[in-house]
Amino acid sequence: MSTSRKHNNKYGSVFTLMKIFIIILALFITGGCILFFYYVKDTPTITSSQLHGEGSSKLYTTDGKFYMSLGLDKNRYTPISEIPQSMRDAVIAIEDKRFYKEKIGLDPIRITSSTLKNIKNRAVVEGGSTITQQLIKLTLFSTKTSDRTMKRKAQEAWLAVQVSNKYSKDKILEYYLNKVYMNYNIYGVGTAAKYFYNKKLKDLNLSQTALLAGMINAPSTYDPYIFPKAATYRRNLVLKAMLNNKKITQQEYSQAIKENVQDGLIRIKNDDLSQRRKMDDPYLKEVINEVHRLGYDPYKDKLKITINMDSAAQKQLYELANNKVKFSSDKMQVGATVLDPNNGHVLAILGGRKLPNIQLGLNRAVQTDRSSGSSIKPILDYAPALEYKGWSSAQILADTPYIYRGSNTQLYNWDNAYWGNITMRQALTQSRNVPAIRALEAVGMDKATKFVKNMDIDIPKRQGLSVGIGANVSTAQLAGAYGALATEGIYYQPKFISKIETVDGTVQNYNSSGKRVMKQSTAYMITDMLKDVINNGTGKSVKLKGLYQAGKTGTVKYSEDELTKYPSYANTPKDSWFVGYTKEYVISIWTGYDRLSDGKINSDGELSAQNLYKSMMKYMMANKRSTDWIKPRSVITKNVNGTREVFLKGNSTSPGSIKSNQSQKVIKKRPQQFVKNIQPNIQEDKDISNEKSVNNQSNSNTDTNSNSQTQNSQTDQEIIYYYYYEPEN
């Protein structure tokens, strides 16, 4: 009796558990169905014209006008009748082997298999999408990783069912094979056959067919020109899949895998770029890079991208650099950025000049491997001093011999002389190196680097004070930072794109949000001094009548090692910069050579950066009313020894005076008190970073740039040598 009761209890327990399991499973399925239909209720519609179209993105200007498509004009639609069976077999074998058996456009076996593998690996290692689902994704949805949500997957599946009910398998395959991206701005296997082999699809051999079918998965990764090993691996996978599907024989397989993957490829063409494409190529490269950074694929996602380019300005910048402004030679290069400081829109960039017909080539406007020379001084050395220490433009700075703390390296100015105690305005206007480093040292590297970090300029922690006379930055970065000076302290990150609209109508705006990175007083006072750079300093050649503008020169000198190899380059600049601005525009320009062997900057090229700036700013401001910056209430002016100086309100104590404007020479050196301050009148740009040692010995471990050398017998303390001066006869 007791045994029977136990069995009954046991069966009852099992039955109860089964009921609970069934109820939970029913609830799970019901909940899943409810969630599925909740997701698909907002599913966008899909039309035959959408399925027929390619996936390339289209660019529009900020006024809504169509600018261009990222796809080639040569892309042609290939009907299924012209797609040979071998190509269909190859694609189906590697992408979706049960394609013709999927009645509703979904593959439950593949979905289950991929789900289990993804759970096992705790990551998405395999997709379960059918060709029909991939077609839906290419037509309506972005490939952005963050968009791969459950909702989108549900909508994808729902649309796959609808498309499968409406179109034949051959038609779906036709749409798909014309929409896939095949690299180099080309879409569809038919166009790819023409591009890579100059053949029709029917004329490709088995190896070539398998390669194109394999490239669909990742066309850049399996590019046979650049990555032949990866391309070979992928082609062989396709051939193996075709063999397993019994679409080719063992003999055909064995013969095809022996072929060199590059056999039959024609030389890469540059697509006969139009003159317009040559002019806007560097801008388009940054647009594409920015779209990728935002998580989209501009070649697959069929986006509407609003770019910030001023096409007329882009054309003018190109024409000036290539045909109008003088350079030392055709090999002398340039990088330039034109920016609207009031919203961060990059209006035009120049990636180089006299360039070959190459798509998306080197863009010197955004390269950060060139020293800025003195053009970094306003934002890294002097602006932080005004911001954190409350200095004025009349702040006295010692232009006297200077040894980098903790080293034997002495810092010199361009003329190997020192002017004594001078004002910040004089130091900045005449681009003296020693006062700039003293200002940076007074503020401290930590504060100064954090200051420029707010403007997206990264100074590596290992950098010492010498970065104050030359930092590795791009023209775009300097344009953005100087833009904060133009807008009284508000920084807008430089942007090439302002809006992206996806195929489902979702709009994302990407305009920069301005942020205050310095006090209004700091921006105004720096601008006030930089106006003098143009009016009577190192940038006088860019002066334009009636135009309120400010700017800074920058020049970089060759290292001793470079001059040893190229002695004829002595007394010529290695790089030359000019960054200037009005209230409406910022223009940042670098000039120089890509390689030392390309040549040196002669007299024709010394002012190329300034001349290009002047011509471009004149063009940009032609129909604009130029207005001066308004002095904020926190700033007052005061005449100091005949010079108008700017002070923070409540901090206007006179710093002393400069008693002479004579040039001088050093006649005696003693470690005594400086007894006479004499300020020379310099007429030309000599802001070349120049550091030399007394004993002319190099020390690569000291805090210095490439032009630094060492001085023996020094301690860890800063040693200052003071000079007596007398007027030259």
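Predicted, not measured: the structure shown is a model, and the values here were computed from it. (Residues numbered from 1 in each chain as written. Predicted model: local features only at pLDDT ≥ 70, side-chain atom pairs only at ≥ 80, totals over all residues. Heavy atoms only, no water.)

**Some details on the overall build of the chain**
Per the secondary structure count, the chain includes 21 helices and 20 strands. Evaluated residue by residue, the chain yields a buried proportion of 53% over its 729 residues. Within the chain, residue pairs in contact and separated by at least 24 positions form 72% of the contacts whose partners lie at least 6 positions apart. Of the roughly 33600 Å² of accessible surface on the chain, a fraction of 50% belongs to carbon and sulfur atoms. (Helix = DSSP H or I, 4+ residues; strand = E, 2+ residues; numbered from the N terminus. Buried < 20%, exposed > 50% of the residue type's maximum accessible area, 1.4 Å probe, protein only. Contact = heavy atoms within 4.5 Å. Areas by Shrake-Rupley, 256 points an atom, 1.4 Å probe, with all protein chains shown as cover.)

**Topic: the pairing of strand E15 (residues 575–581)**
With seven of seven residues buried, E15 is to be regarded as a mostly interior element. The side-chain alternation of E15 yields two buried faces, one formed by Asp 575, Trp 577, Val 579 and Tyr 581 and the other by Ser 576, Phe 578 and Gly 580. Two strands pair when backbone bridges link them, and strand E14 (residues 550–556) and E15 are joined in this way by seven bridges, in the antiparallel orientation. Bridging across to E15, Thr 555 finds its partner in Ser 576. Sheet topology note: the E15/strand E16 (residues 586–592) ladder contains seven bridges and is antiparallel. Residue pairing for E16: Ser 576 is matched across the bridge by Thr 591. Between the antiparallel neighbours E15 and E16 lie four residues. (Pairing = 2+ DSSP bridges.)

**Observations concerning the packing of helix H3 (residues 85–95) against helix H10 (residues 228–244)**
Their axes nearest at 8 Å, the elements H3 and H10 cross at an angle of 95°. Accordingly, the angle class assigned to the pair H3 and H10 is roughly perpendicular. Listed contacts from H10 to Ser 86, Asp 89, Ala 90, Ala 93, Ile 94 and Glu 95 of H3 are Arg 234, Leu 237, Val 238, Ala 241 and Met 242. For the contact of H3 with H10, the per-class residue count stands at seven nonpolar, one polar and three charged. (Axes fitted to C-alpha atoms, helices over the stretch in contact; angles between N-to-C directions. Parallel < 35°, antiparallel > 145°, perpendicular 65-115°, else oblique. Nonpolar A, V, L, I, M, F, W, Y, C, P; charged D, E, K, R; others polar.)

**Some remarks on the packing of aromatic side chains**
Taken as a whole and judged by the stated rule, the model has 18 aromatic pairs. Their ring planes at 90° and their centres at 5.6 Å tell us that Tyr 402 and Tyr 404 sit as a pair that is edge-to-face. A relative accessible area of 0% means that Tyr 402 is categorised as buried. The class of Tyr 404 is buried, set by a relative accessible area of 1%. Centroid distance Tyr 558 to Tyr 569: 5.3 Å. Interplanar angle 45°. Geometry classified as tilted. With Tyr 558 in the loop between E14 and helix H20 (560–565) and Tyr 569 in the loop between H20 and E15, this residue pair connects regions lying 11 residues apart in the sequence. Each member of the pair, Tyr 558 together with Tyr 569, is buried. Members of the aromatic cluster, each reached through a chain of ring pairs, are Tyr 184, Tyr 195, Phe 196 and Tyr 225. Residue placement shows Lys 169 over the ring face of Phe 99; its charged tip is 4.8 Å from the ring centre. In this structure, Arg 432 packs its charged tip against the face of Trp 419, placed 3.8 Å from the ring centre. (Phe/Tyr/Trp six-rings, centres within 6.5 Å; stacked < 30°, edge-to-face > 60°. Lys NZ or Arg CZ within 6 Å of the ring centre and 35° of its normal.)

**Some remarks on the sheet that holds E16**
One open sheet holds the five strands; their spatial order is E5-E4-E16-E15-E14, and the pairing between them is antiparallel. The sheet is open, and its two borders are formed by strand E5 (346–350) and E14, each paired with just one other strand. This sheet shows a mean twist of 5° between the axes of neighbouring strands, independent of strand direction. Across seven bridges, the pairing between strand E4 (residues 333–339) and E16 is antiparallel. Within E16, the position partnered with Gln 333 by the bridge is Gly 592. Against the sheet, helix H18 (residues 475–486) contacts E4, E14, E15 and E16, and its axis sits at roughly 145° relative to E16. Contacts from helix H21 (residues 608–620) reach E4, E5, E14, E15 and E16 within the one sheet, and its direction differs from that of E15 by about 25°.

**Side note on the packing of helix H14 (residues 377–389) against helix H17 (residues 445–453)**
For the pair H14 and H17, interaxial distance at closest approach is 9 Å and the crossing angle is 105°. Overall, the two elements H14 and H17 adopt an arrangement that is roughly perpendicular. Note on element contacts: H17 touches H14 through Lys 447, Ala 448, Thr 449, Phe 451 and Val 452, opposite Ile 379, Leu 380, Ala 383, Pro 384, Glu 387 and Tyr 388. Here the residues of the contact of H14 with H17 are counted per class, giving eight nonpolar, one polar and two charged.

**Remarks on the sheet that holds strand E3 (residues 304–307)**
The mixed open sheet is built from five strands, whose spatial order is E2-E1-E3-E11-E12. Strand pairing shows two members of the sheet lacking a second neighbour, strand E2 (66–69) and strand E12 (507–509), which therefore form its edges. Pairs of neighbouring strands in the sheet enclose a mean axial angle of 20°, with direction left out of account. Judged from the three bridges that link them, strand E1 (residues 58–60) and E2 form a sheet pairing that is antiparallel.

**What about helix H9 (residues 206–215)?**
Among the 10 residues of H9, nine are classified as buried, and the element is accordingly described as predominantly covered. Among the residues of H9, those classed as buried are Ser 207, Gln 208, Thr 209, Ala 210, Leu 211, Leu 212, Ala 213, Gly 214 and Met 215. Buried residues belonging to H9 abut H3, helix H8 (189–197), H10 and helix H11 (250–258). Between the side-chain oxygen at the start of H9 and the backbone nitrogen of Ser 207 there is a gap of 3.1 Å, and the oxygen is on Asn 205. (Polar contact = N/O pair within 3.5 Å; in protein donor to acceptor, adjacent residues only side chain to side chain.)

**A short note on unusual backbone geometry**
Working note: non-glycine residues mostly have negative phi, and peptide bonds are mostly trans. Of note, the phi angle at Asn 198 is positive, near 55°, even though the residue is not glycine. By secondary structure assignment, the location of Asn 198 is in the loop between H8 and H9. By relative accessible area, which is 46% here, Asn 198 ends up partly exposed. Even without being a glycine, Asn 641 presents a positive backbone phi close to 55°.

**Comments concerning the pattern of salt bridges**
The final tally for this structure, using the stated rule, is 17 salt bridges. Between Glu 562 and Lys 574 there is a salt bridge, and its shortest N-O distance comes to 2.8 Å. Here Lys 574 lies in the loop between H20 and E15 and Glu 562 lies in helix H20, a separation of 12 residues in the sequence. One network of salt bridges, with partners in common, ties together Arg 425, Asp 528, Asp 532, Arg 644 and Glu 645. (Salt bridge = Lys/Arg side-chain N within 4 Å of Asp/Glu carboxyl O.)

**Comments concerning the confidence of the model for the chain**
The share of residues in the chain with pLDDT of 70 or more is 76%, and the mean pLDDT across the chain is 81. Element-level pLDDT for the chain is lowest in strand E20 (residues 722–727), with a mean of 31, against a maximum mean of 98 in strand E10 (residues 490–491). Scored below 50 in pLDDT, residues 122–126 makes eight contacts in the model with residues more than four places away or belonging to other chains. In the model, residues 656–729 has pLDDT below 50 throughout and makes 195 contacts with residues more than four positions away in sequence or in other chains. (pLDDT = per-residue confidence, 0-100.)

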